[in-house]
Amino acid sequence: MLDMAVGQMKRRCLYDELADLLIATKDGIRNSKYGMILRSGVQPKRGKKYLEMLLQQKLVETMEERTSNNFPMYRPTEKGKQFLRTYIVLREFLTEYSV
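About the criteria used
Residues numbered from 1 in each chain as written. Predicted model: local features only at pLDDT ≥ 70, side-chain atom pairs only at ≥ 80, totals over all residues. Heavy atoms only, no water. Helix = DSSP H or I, 4+ residues; strand = E, 2+ residues; numbered from the N terminus. Buried < 20%, exposed > 50% of the residue type's maximum accessible area, 1.4 Å probe, protein only. Contact = heavy atoms within 4.5 Å. Areas by Shrake-Rupley, 256 points an atom, 1.4 Å probe, with all protein chains shown as cover. Patch = residues over 30% accessible without salt bridge, like charges linked within 9 Å, V, L, I, M, F, W, Y side chains within 5 Å. Salt bridge = Lys/Arg side-chain N within 4 Å of Asp/Glu carboxyl O.

Student: Explain the overall build of the protein to me, please; I cannot follow it from the model alone.
Tutor: A count of helical and extended segments in the protein gives four helices and two strands. Each helix (α) and strand (β) of the protein, taken in turn from the N terminus, gives the series α-α-α-β-β-α. Within the protein, the fraction of its 99 residues that count as buried is 34%. Counted over contacts in the protein with a minimum sequence separation of 6, partners at least 24 positions apart contribute 45%. Within the structure as shown, the protein displays about 7000 Å² of accessible surface, and the carbon and sulfur contribution to it stands at 54%.

Student: What exactly am I supposed to notice about a nonpolar patch on the surface here?
Tutor: Together, Leu90, Phe93 and Tyr97 make up an exposed nonpolar region whose accessible area comes to about 320 Å². Tracing the backbone shows Tyr97 in the segment after helix H4 (78-96).

Student: Help me out: how do you make sense of helix H1 (residues 14-24) in this one?
Tutor: Counting along an α-helix, one turn takes 3.6 residues, and residues three or four places apart therefore face a common direction. Summarising burial for H1: eight of the eleven residues are buried, a large majority. Inspection of H1 places Asp16, Glu17, Leu18, Ala19, Asp20, Leu21, Leu22 and Ala24 among the buried residues, and these make up the whole buried set. Summarising the contacts, the buried residues of H1 are in contact with helix H2 (33-40), helix H3 (44-56), strand E1 (60-66), strand E2 (72-76) and H4.

Student: Which parts of the structure should I look at to understand H2?
Tutor: Listing the buried residues of H2 in full gives Gly35, Met36, Ile37 and Ser40. Close packing links the buried residues of H2 with H1, H3 and E2. Looking one or two places after H2, you find Gly41, whose phi comes out positive at around 80°.

What follows is the structure, encoded as C-alpha cells:
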C-alpha cells in the first residue's frame, strides 16, 4: 500500500486504491482477483468494482495462464505501469508541498 506503515490506516482516495491494486499485480506475482484485492488492502466489494475499472481502461489485462482453480489471473499493461509511475510522482509532489 502506498506510504502506509503496518497498523497505520489512512483514508485513501480512489486513485490511491487503484494504484494499490496495480502495485499488487507487479513483480510477476500470480494475481487472482482475490489475491490482488487482499494484497492491496482494498475492501473486497470496492476491489471487484475497481478491478473492472482497471480492465475497462486497459490498465490491467487477463493472462492466458489461470490459477489452479481455473480462475483468471491479471497483470498490469504498459499503460497501467505508466499510470502507476505517473501517479507515484504526482503523489510525492503533493506530499512534498502538502497539497
